[in-house]
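Architecture and fold: a report
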Amino acid sequence: MATNILVLAEHDHGQLKQATLSAVAFAAKVIAEAGGTFDILVIGHQLSVTAEALIHYGAATVLVADHVRLEHPLADKYAQVISGIVQARGVTMVVGSASTFSKDILPRAAALVDSGMVSDVIDVRKDGASWVFRRVMFAGNVIATVQLDGPVKFLTVRAAAFTHPSKQGPSSPLENITIEADQLPSLSGYVGREAKLAGRPDSTEAQVVVSGGRGIKSAEDFERLIGGLADALGGAVGSSRALVDAGVTPNSLQVGQTGKIVAPSLYIAVGISGAIQHLAGMKDTKVIVAINKDAEAPIFEIADFGLVADIYEAVPQLIAKLNAR
Ligand SMILES: Cc1cc2nc3c(=O)[nH]c(=O)nc-3n(C[C@H](O)[C@H](O)[C@H](O)COP(=O)(O)OP(=O)(O)OC[C@H]3O[C@@H](n4cnc5c(N)ncnc54)[C@H](O)[C@@H]3O)c2cc1C
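To start, this report covers the structure provided alongside it. From a predicted model like this one, the values you see are computed outputs, not experimental measurements. (Residues numbered from 1 in each chain as written. Predicted model: local features only at pLDDT ≥ 70, side-chain atom pairs only at ≥ 80, totals over all residues. Heavy atoms only, no water.)

Residues Val-7, Phe-26, Phe-133 and Leu-155 are the most contacted members of the largest nonpolar core, which totals 33 residues. Looking at this core, the elements that each hand over two or more residues are strand 1 (4-8), helix 1 (20-34), strand 4 (37-44), strand 5 (62-66), strand 6 (93-97), strand 7 (116-127), strand 8 (130-137) and strand 10 (153-157). Counting residues per element, this core draws most heavily on helix 1, which supplies 7 residues. Setting aside its immediate chain neighbours within four residues, Val-7 contacts Thr-20, Ala-23, Val-24, Ala-27, Phe-38, Asp-39, Ile-40, Leu-41 and Val-95. (Core = buried A, V, L, I, M, F, W, Y, C linked by side-chain atoms within 4.5 Å. Buried < 20%, exposed > 50% of the residue type's maximum accessible area, 1.4 Å probe, protein only. Helix = DSSP H or I, 4+ residues; strand = E, 2+ residues; numbered from the N terminus. Contact = heavy atoms within 4.5 Å.)

Written out as structure tokens, the structure is:
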């Protein structure tokens, strides 16, 4: 059977998430090996700009499921749209980025078509007629090799594992998916959203992430030192769990096993010891810089550049130098 892949695009009220391009890269890798085609599916409301942004990546078609009842990413409704497309078009693989968005929606869609799911995929290869996936488990300490039974394979891929494809000329036609609104499940409804204040990029999307740990003593210091350094570099802020538990930073900033997984070009760990649960969220970074007053801190074992210094002295100097450029 020809490989027919459906890539689920992720966006935030129309703003395309860059991690979508890792899922596209995965799809391109699979069809380069086995032949076939991939489509990209975008679900939401008022999607013309988002859909246009997706026509440059070699998809056979960009499918647009646009309806007011799909304005917010409610998993029961999105999963039904996906399962309908899978059944109608003979899709053999469905892929999304390894984000909370895809991890919320894709397992439900998989269940609706009685298929299996594998998360956090970092590599794929063909073994005879089967596909073999490598995925990270246990905070990155174990790499599992898995196969999925069943006609359709659902998976999420780690952003750092698949290099974003470059933009080509506009090549993919758009196709609107008809939504039978009264057939959509109403198990959940949208109540409201508490969004972080705009200004800094999201840590999962940013090229530079500056994270603070227990070495920071207060929310004011966090904003001045971590926020200041991030702003000087045009980056995002992150936090260790120690600061979240201490009430210094909100949970949404936590990086790690039970927080966000980030893979920027540059990660600066400020006053962070380097516990394994923290490393699980950032060790795919290209260049890691650590600032810590303890020369024996484990973070230095994985850092590309280390500065043994008191952050209250070093970081203001760094900010001043960067801002003076
Ligand atoms: C199931 C589970 C899940 C977890 N999930 C996560 C997770 O997702 N993310 C996460 O981060 N943690 C997680 N943790 C917690 C993790 O084990 C660590 O406790 C946490 O990461 C420690 O945070 P920290 O490095 O900020 O603090 P610490 O380990 O206390 O380190 C603070 C560091 O700051 C340095 N320092 C202090 N003052 C200064 C100064 N003035 N100048 C320079 N350096 C200074 C110290 O030398 C030290 O190295 C999890 C734990 C468990 C059990």
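Viewed as axis vectors pointing N to C, helix 3 (residues 75-89) and helix 4 (residues 100-112) meet at an angle of 50 degrees, and their least axial separation amounts to 8 Å. In this view, helix 3 runs oblique relative to helix 4, as classed from their interaxial angle. Where helix 3 crosses over helix 4, the two elements pack in a sense that is right-handed. Where helix 3 approaches helix 4, its residues Ala-75, Asp-76, Tyr-78, Ala-79, Gln-80, Ile-82, Ser-83 and Gln-87 are matched on the opposing element by Phe-101, Asp-104, Ile-105, Leu-106, Arg-108, Ala-109 and Leu-112. Tallied by class, the residues present in the contact of helix 3 with helix 4 amount to 9 nonpolar, 3 polar and 3 charged. (Axes fitted to C-alpha atoms, helices over the stretch in contact; angles between N-to-C directions. Parallel < 35°, antiparallel > 145°, perpendicular 65-115°, else oblique. Left-handed = near helix turned anticlockwise from the far one by under 90°. Nonpolar A, V, L, I, M, F, W, Y, C, P; charged D, E, K, R; others polar.)

Moving on: helix 3. Helix length check: helix 3 (15 residues) gives 21 Å between terminal C-alpha atoms against 21 Å at 1.5 Å per residue, within 8%. Along helix 3, the positions that sit buried rather than exposed are Ala-75, Asp-76, Lys-77, Tyr-78, Ala-79, Val-81, Ile-82, Ser-83, Ile-85 and Val-86. Along its buried surface, helix 3 packs onto strand 1, strand 4, strand 5, strand 6, helix 4 and strand 10. Positive backbone phi, approximately 65 degrees, marks Gly-90, located one or two places after helix 3. (Expected span 1.5 Å × (residues − 1).)

If you add up the space inside the second largest pocket, you get close to 500 Å³. Every residue lining the second largest pocket is counted, 26 residues in all, and those nearest its centre are Arg-214, Ser-240, Gly-271, Ile-272 and Ser-273. Mapped onto the lining of the second largest pocket, the elements with two or more residues apiece are helix 6 (241-245), helix 7 (276-279) and helix 9 (311-323). Grouping the amino acids of the lining of the second largest pocket by side-chain chemistry returns 7 nonpolar, 13 polar and 6 charged. (1 Å grid on protein atoms, 1.4 Å probe; cavity = no way out; pocket = protein on both sides within 12 Å on 5 of 7 lines; lining within 4 Å. Points joined across faces, edges and corners; volume = space filled by probe spheres on them.)

As a further point, take the side chain of Ser-99. Along the chain, Ser-99 falls in the loop between strand 6 and helix 4. Looking at Ser-99, the relative accessible area reads 16%, which means it is buried. Here the side chain of Ser-99 touches Glu-10 through a polar contact of 2.6 Å, side chain to side chain. (Polar contact = N/O pair within 3.5 Å; in protein donor to acceptor, adjacent residues only side chain to side chain.)

Near the ligand lie 24 residues; those nearest to it are Arg-214, Ser-240, Thr-258, Ser-273 and Asn-292. One of the backbone nitrogen or oxygen atoms of Gly-259 is found 3.4 Å away from an oxygen atom of the ligand. Contact between the ligand and His-278: an oxygen atom at 2.8 Å from a side-chain N or O atom of the residue. When the ligand is considered free in solution it has 980 Å² of accessible area, and contact with the protein chains removes 77% of it. Of all the cavities here, the one that holds the ligand is the second largest pocket. Secondary structure elements with two or more residues in the shell around the ligand: helix 6 and helix 7. Classifying every residue of the shell around the ligand by side-chain character gives 6 nonpolar, 13 polar and 5 charged. (Near = heavy atom within 4 Å. Areas by Shrake-Rupley, 256 points an atom, 1.4 Å probe, with all protein chains shown as cover. Sits in = over half its atoms within 2 Å of the grid points.)

All right, on to the sheet that holds strand 11 (residues 174-176) then. Remark on secondary structure: sheet strands pair via backbone hydrogen bonds, oriented parallel or antiparallel. Pairing is mixed in the open sheet, where 9 strands are placed in the order 9-8-7-10-6-1-4-5-11. A single partner strand is all that each edge strand has here, and the edge strands are strand 9 (142-146) and strand 11. Averaged over all pairs of adjacent strands, the angle between strand axes in this sheet comes to 35 degrees, irrespective of strand direction. Here strand 1 runs beside strand 6; their pairing, made up of 3 bridges, is parallel. Paired with Leu-6 across the bridge in strand 6 is Val-94. Lying over the sheet, helix 3 contacts strand 1, strand 4, strand 5, strand 6, strand 10 and strand 11, oriented at roughly 150 degrees with respect to strand 4. (Pairing = 2+ DSSP bridges.)

Further remarks concern the packing of aromatic side chains. Counting across every chain of the model gives 2 aromatic pairs. Considering the side-chain rings of Phe-26 and Phe-162, the 5.4 Å spacing of their centres and the 85 degrees angle between planes classify their relative orientation as edge-to-face. You can see Phe-26 sitting in helix 1 and its partner Phe-162 sitting in the loop between strand 10 and strand 11, a full 136 residues away along the chain. By the burial criterion, Phe-26 is buried, and Phe-162 matches it. Judged by centre distance (6.3 Å) and plane angle (80 degrees), the ring pair of Tyr-78 and Phe-101 falls under edge-to-face. Highlighted residues: Tyr-78 in helix 3 and Phe-101 in helix 4, separated in sequence by 23 residues. What makes Tyr-78 buried here is its relative accessible area of 1%. Looking at Lys-126, its charged tip hangs above the ring of Trp-131, at a distance of 4.8 Å from the centre. (Phe/Tyr/Trp six-rings, centres within 6.5 Å; stacked < 30°, edge-to-face > 60°. Lys NZ or Arg CZ within 6 Å of the ring centre and 35° of its normal.)

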